Amino acid sequence: MIIVNLDVMMAKRKMSLNELSEKTGITTTNLSILKTNKAKAIRFSTLEAICKALNCQPSDILEYKGDEDGRN
């Protein structure tokens, strides 16, 4: 399972959803979907814009966790 830690990075940078939306050109609706881990996919261009705005690496936002039943 891939976890999106967008909320964590936004908190570290003290940036609101609206501010991130303005800096990236990504709608608050789409950012909210990412922030709440409801996204099924993310474009590299979206990830790049978020990383640029938050001054971070993709690994700061995306995290892999194995399945809860012990299978990876």
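As a reminder, the structure under discussion sits directly above these lines.
To start, this report covers the structure provided alongside it.

Unusually for a residue other than glycine, Lys14 sits at a positive phi of about 55°. Within the element layout of this structure, Lys14 appears in the loop between α1 (6-12) and α2 (17-24). Within the chain, Asn37 stands out as a residue other than glycine whose phi angle is a positive 60°.

For the rest of this paragraph, the subject is the packing of α2 against helix α3 (residues 28-35). Axis separation between α2 and α3 bottoms out at 9 Å; the angle between their running directions is 120°. With respect to the hand of their crossing, α2 and α3 are arranged in right-handed fashion. For the pair formed by α2 and α3, the contact residues are Leu17, Asn18, Leu20, Ser21 and Thr24 on the first element and Thr28, Leu31, Ser32 and Lys35 on the second. Its residues assigned to classes, the contact of α2 with α3 shows 3 nonpolar, 5 polar and 1 charged.

With that settled, the discussion passes to helix α4 (residues 44-54). All of the buried residues along α4 are Thr46, Leu47, Ile50, Cys51, Ala53 and Leu54. Projection of α4 onto a plane perpendicular to its axis shows the buried side chains occupying an angular sector of 165°, all on one side. Seen from the buried face of α4, the exposed residues on the opposite side, beyond 90 degrees, are Phe44, Glu48 and Lys52. If you follow the buried residues of α4, they end up packed against α1, α2, α3, α5 (58-61) and β2 (62-64). Following α4 by one or two positions, Asn55 adopts a phi angle in the positive range, close to 50°.

Conventions adopted
Residues numbered from 1 in each chain as written. Predicted model: local features only at pLDDT ≥ 70, side-chain atom pairs only at ≥ 80, totals over all residues. Heavy atoms only, no water. Helix = DSSP H or I, 4+ residues; strand = E, 2+ residues; numbered from the N terminus. Axes fitted to C-alpha atoms, helices over the stretch in contact; angles between N-to-C directions. Left-handed = near helix turned anticlockwise from the far one by under 90°. Contact = heavy atoms within 4.5 Å. Nonpolar A, V, L, I, M, F, W, Y, C, P; charged D, E, K, R; others polar. Buried < 20%, exposed > 50% of the residue type's maximum accessible area, 1.4 Å probe, protein only. Arc of directions from axis to C-beta.

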